[in-house]
Every structure is written in structure tokens, then in C-alpha cells.
Amino acid sequence: MTKTAERQPVGKVAVRPVQAPPPAGDRRRRRLAEQARAYAFLLGGLICFALFSWYPAIRAVVIAFQKYTPGSPPEWVGTANFTRVWHDPEFTAAWRNTLTFTLLALLIGFAIPFVMALVLNELRHAQAFFRVVVYLPVMIPPVVSALLWKWFYDPGAGLANEALRFLHLSTSNWSNGADTALISLVIVATWANMGGTVLIYLAALQSIPGELYEAAELDGANLLQRIRHVTVPQTRFVILMLMLLQIIATMQVFTEPFVITGGGPENATVTVLYLIYKYAFLYNDFGGACALSVMLLVLLGAFSALYLRLTRTEGDT
Amino acid sequence: MSTRTLVSPATLARPRGRAVYWTVFSGVVLLFALAFLFPVYWMVTGAMKSPDEVAQTPPTIIPKHWHLGGYTDAWDLMQLPQHLWNTVVQAAGAWAFQLVFCTAAAYALSKLRPAFGKLILGGILATLMVPAQALVVPKYLTVADLPLIHTSLLNDPLAIWLPAVANAFNLYLLKRFFDQIPRDVLEAAEIDGAGKLRTLWSIVLPMSRPVLGVVSIFALVAVWQDFLWPLMVFSDTDKQPISVALVQLSQNIQLTVLIAAMVIASIPMVALFLLFQRHIIAGISAGSTKG
């Protein structure tokens, strides 16, 4: 910082050699004016970040240790919020559901888009059509996708059971059954978000040099061996990135359970973020909500840090 | 396509290879149509069926009679013009605020060398590590009672606009783009007598059209698709954006009318996508490989 600040006047002189170097007081005043101008540009953004990013992050930690009701002065309660939240039976359900959801979304949401991208990359026709169609659900508002699938899962005239009947399979309770509800929501989330993943995998696949496949083929590698020894190692970095991003995104799932199941049946789809929402807006317990937020924050922050570290180190090479 | 992929061109040229290729191709077309287009078709036509027809089993693939009543009812009964307008105001404002404040801040951090610039940039980038949704409750409390001035922004579009500026991703995107603009260009403008604002407006911004387009699309889509934050902030039904209104009204409205409203709510973003699909898809694909 100081280095660049010192270098600046020298640079100015070099550009305008006709001017004599200004006296020291003048130079300081000019530097101050420059700083004032820089901060004038920075101010709006800085205030917004301070108010809506930095301050809430600090506040989450503070309120997690307080009894907080809007309008009255907060009281310090130590770790009471954490113990209360911890002993809530919904707490275990919420974490179990969120982790199961994340794991299922990772299995389905990784395998399907990867295979799709692999096949699409081999097709020589209608590339633009495939890309537009696969990304279409991403542009449909998540609330609409959720309501649409709620209708599909309807036990009466829902399309999901109609499809099963058409294939002569036994019908399912889908989002209305305690054991099928969570996977039903994973299907919705995968359908709605897969487009972006497919496009990113496609871009990664297209950056693989063709010679690698040629060489592998000359060595007698068959199709599956080529996938295993050329495609996967070459795209490993992108796969890892997307997995981490997906973990971070799916651990914050809210819209699907809120709209489709309302957390039910029997708490089968209550997620951590849903529980945070309930603590704040149903129980009016902001201390409990913030205690939960801090727990989620710590876990997701670890994943984010890992993501940033990986993009920094491997992205440069 | 000239580049070599998993399957060699020689294999594809053989009769058997060609047969397999076209089988796979038709299979994928069918699968994509069924998985991604059919649900959309089902939604658009479902809204045109009569209430009895939409509830009947087995369902009809094509409506027996095409009614537009679902759409007109949705428009009138669910106050869609009001909620669509609210969404437009919220999205447009968030877009404008982000363009002005994020661009100015990114320009300052990239070219004006503010004191503590590195520290500020670090603080902004650190928010990328903090998942936004995990902080909604303290953010809500802040918006409900702003520090120092003690004003509440609840039920006010400013509650969408101002937090939208705190978007580290877009700001970083802009800053990185500005970093690539050579300093000589800006210094030349200054020697010609242009001030910092003038330089930003007539040199930097025209050069940054591609990144401004990407940021604009991200900003608009983010507001239009958001649900949890507007659900918290707008308790007043008349102020709610379409996403919140749809869920609130979905409980006690006829199915065909609800479906019609869902279609109408999707049209703006789908239209935006179809219009700019080339740029959007290229942006997503490019963003990934650069990390």
C-alpha cells in the first residue's frame, strides 16, 4: 500500500516532465484530495456491505448469546440458546434431513448432469437446442418449479403417479409420504438446477485436448477406459469445484420444503434453514434462530474456505 | 465440429457407428423433450383445461376445450398486475443500485488506490465465504431497525435494493474486468482534462459492456427468483413480489387459476433467457473454466 502511494508522484512526474515537482505541503493536499475522491466512489458500496454483510455477520454471533426481542433491550444468556436449540427434537430432524438432502442431491445431482454432459459432448447436431432446453428450468422461478412439482406429486390427479400407472408400476406417496418426501424434493431441486451444472461440465469437456483421446485409443483403451483415464482426470478440478458449490447451495435449501411439504410429513423435510425461519418468525425466538445460523455458518464457512483455497491454488496453474 | 472427443470420427463414420449415433441422438432428444419441455407444456396447457378436466384421471394430453379463462381469472383474481409491477420495481431498482454503487466501488478499488483498499477488498471477498441465506435473520433485524438512524425498511423496496448492492460476486467481477483496462488509457484521458467521473463514464464503462451485461442479467434474475428474503421483508400483501404472492395465494385458489398464474410469473425470465440465451450460456460456460 505505502509502496504504491510513494511511487505515484514519481510516475506523475515522468508523464509530465515539463512540471517541476510540487512542494511537499501541496503534494500532501493533493494526495488527500485524491483519497477523498476515491472514497467518494467507494462510499455507497462500502455502506451497503457494512450494513447488510459485515454487521449482520457480527450480529448473528452476538445475538446467539442473547435473549433478543425486537423493541426491548437484549439480555445476555450465555449458551442458553445453543442448549435450548440443541434439545429441540426438530433440531436433530433438521440436521439429519439437511445432510441427507445434501448427500442425495450430490449423488443424483452429480451423476446425472455429468453423464448428460458426456453424451451431449458427443452429439454433433442441435447443440444450441440442447443447451437452451436443459437450462430452461433454471430460468423458471424456483417457487413456480416447486408449485409445479407439488401438483405433479398430487396423490389424486398428479402426473407422477399417472406416469407410474402408465408404466404399470405401483404408485407412490411422493412428497406426501414420510419416507419418500425427502427424495421427492431432491428430484425437484435436481430438475430445477441441473442446467447450470451441465453447461459447466460441457465447457470443461470441450477443453480436453483431442490428442489425449487419440493416444489412449492407440494404446487400446476402450470407451469406458477412455472415460476413466482421460475424461475424469482431466475434469477432476471442475467436478470438485461444482461438488463443493453444490454442497454449499443445497445445505441452504428452503424454498422446496417450504412450498411443497411445509416441513412435513412428521418433520421429514424440515431443513436447518427452515428451522431458522421457524424460530425467528413462528416462535419469535431470535436468539435461537441466530444460534442455529451460527452453527450453519461455521459448517458452510469451512466448505467455502476449502472452495476458495482450491480455486486459488489450482486455478492459477 | 473439428475437435476430437471421446468417440473417434472414424468410428462414427462407419455404418454401425452412424446407426448408434442416430439412435443415441434420438434418445437424447426424446429424453430432453420429456424431462424439460413436457413439464412446461403440461403447465401451459393445464391452465387452459376446465377445472374438471385438470382433476380427471387419466389426464388428457391435449385439452378438450381450450379455455383462456384460467389466465384472465389469474390476472384479475390474484392481482397479478400489482405483484408483477412490484417485482419489476424491486428488480429494476436492485439492478440500478448495483450498477451505480458496485461499478463506482469496483472502479475505486481497481484504479483509484484508496487507503486500506486491500483490506476493504479482503472484507468484501470474505463475504463470499459467508453463505447469504445463513445470515437472513440478523440481516432482517438490521433492515427492520437500521443502526444509527433507527428506520425500518420493512415493506419498502429499499429493503431489496440496498442489500442487493452488497453483492461481492458482481463487484469482484467488475473489479477484475477494470483491472484489465490499461492505466495508460485512463492517464491519457486525464491529461486531456477528464475528471475521474468523466473517465469512468466515457472511457471505462463503454469498454466494459460485456461485463456490465453479465452483471445486469445476474442482478435481475437474482431478484426475480428470490423467495426467502422477500417473504421475510414484505408482510404487506400489496407490496409482495410475484414469488411470495404465488405461495401465499396458492392455498385457497382454484388449481387452473394457480397454474395460469405460475405460467405468467415465469414468462418474463424465460423471455429474457430466450432473448439473451447466447450471452447467458456463453457467460456460464466461460465463468467455469476461468474459475
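The name given to chain B in an unreviewed UniProt entry is Carbohydrate ABC transporter permease, and the organism recorded there is Streptomyces coacervatus. The record in UniProt for chain B states the following under Sequence similarities (unreviewed entry): "Belongs to the binding-protein-dependent transport system permease family."

Per an unreviewed UniProt entry, chain A carries the name Sugar ABC transporter permease and comes from Streptomyces coacervatus. Its UniProt record gives chain A a comment under Sequence similarities (unreviewed entry), which states: "Belongs to the binding-protein-dependent transport system permease family." Its UniProt record, at the heading Subcellular location (unreviewed entry), says of chain A: "Cell membrane".

Draft legend 1. Representation of the UniProt feature "transmembrane region" (unreviewed entry) in chain A within the structure. All names here are of chain A. The positions that UniProt labels "transmembrane region" (unreviewed entry) are, in the present scheme, residues 38-58, 99-120, 132-152, 181-204, 237-255 and 286-308. Counted over residues 38-58, helix gives 100% and strand 0%. Its end C-alpha atoms are 27 Å apart. From the first C-alpha to the last, residues 99-120 spans 31 Å; its make-up is 100% helix and 0% strand.

Draft legend 2. Looking closely at helix α5 (residues 127-139) of chain A. For α5 of chain A, built from 13 residues, the straight-helix expectation of 18 Å at 1.5 Å per residue is met to within 8% by its first-to-last C-alpha distance of 19 Å. Within α5 of chain A, the full set of buried residues consists of Phe130, Arg131, Val132, Val134, Tyr135, Leu136, Pro137, Val138 and Met139 of chain A.

Draft legend 3. Molecular detail of the packing of helix α2 (residues 24-63) of chain A against helix α6 (residues 117-129) of chain B. Following both chains from N to C, one finds α2 of chain A and α6 of chain B inclined at 40°, their axes separated by 11 Å at the closest point. Judged on the interaxial angle alone, α6 of chain B and α2 of chain A are oblique. Handedness of the α2 of chain A/α6 of chain B crossing: left-handed. Residues Leu46, Phe49, Ser53 and Trp54 of chain A of α2 of chain A lie in contact with α6 of chain B, whose contacting residues are Ile120, Gly123, Ile124 and Thr127 of chain B. Here the residues of the contact of α2 of chain A with α6 of chain B are counted per class, giving five nonpolar, three polar and no charged.

Draft legend 4. Expanded view of the packing of α2 of chain A against helix α7 (residues 136-144) of chain B. Where α2 of chain A meets α7 of chain B, the axes come as close as 8 Å, and the angle between the chain directions of the two elements is 110°. In terms of axis orientation, α2 of chain A runs roughly perpendicular to α7 of chain B. Crossing hand, α2 of chain A versus α7 of chain B: right-handed. Of the residues in α7 of chain B, those touching α2 of chain A at Leu51, Phe52, Tyr55, Pro56, Arg59, Ala60 and Ile63 of chain A are Pro138, Lys139, Leu141 and Thr142 of chain B. Its residues assigned to classes, the contact of α2 of chain A with α7 of chain B shows eight nonpolar, one polar and two charged.

Draft legend 5. Local environment of the UniProt feature "domain: ABC transmembrane type-1" (unreviewed entry) in chain B. As annotated in UniProt, the feature "domain: ABC transmembrane type-1" (unreviewed entry) corresponds to residues 84-276 of chain B in the numbering used here. This span, residues 84-276 of chain B, is 75% helix and 0% strand, and a straight line between its end C-alpha atoms measures 21 Å.

Draft legend 6. The domain arrangement of chain A, seen in detail. Split into domains, chain A comes out as domain 1 (2-63) and domain 2 (83-316). Distance between the C-alpha centres of domain 1 of chain A and domain 2 of chain A: 43 Å.

Calculation notes
- All residue numbers here refer to positions counted from 1 along the written sequence of the relevant chain.
- Working convention: letters from A go to chains and numbers from 1 go to ligands, in the order in which they are written.
- Where totals are concerned, whole chains, interfaces and linings use all residues; where local detail is concerned, this predicted model gives features only for residues with pLDDT of at least 70, and gives and counts side-chain atom pairs only at 80 or more.
- UniProt positions are given in the numbering used here, feature names are shortened, and annotations may be inferred rather than shown by experiment.
- Elements are defined by DSSP. Helices are runs of H or I of four residues or more, strands are runs of E of two residues or more, and each kind is numbered from the N terminus.
- Given the number of residues in a helix, its expected span is that number minus one, multiplied by 1.5 Å.
- Buried, partly exposed and exposed are defined by the number of other C-beta atoms within 10 Å of a residue's own C-beta, namely 20 or more, between the two limits, and 12 or fewer respectively, with C-beta atoms placed from the backbone.
- Between N-to-C directions, angles cover 0 to 180 degrees, with each direction set by a line fitted to C-alpha atoms, over the stretch in contact for helices.
- Angle categories are assigned with fixed cut-offs, so that under 35 degrees is roughly parallel, over 145 is roughly antiparallel, 65 to 115 is roughly perpendicular, and the rest are oblique.
- Helix crossings get a hand from a simple test, with the near helix turned counterclockwise from the far one by less than a right angle marking a left-handed crossing and a clockwise turn marking a right-handed one.
- Residues are scored as being in contact if the C-beta atoms we place from backbone atoms lie within 7 Å.
- Amino acids outside the nonpolar list (Ala, Val, Leu, Ile, Met, Phe, Trp, Tyr, Cys, Pro) and the charged list (Asp, Glu, Lys, Arg) are all regarded as polar, and Gly is one of them.
- Where each domain starts and ends comes from a domain assignment, either automatic or drawn from a database.

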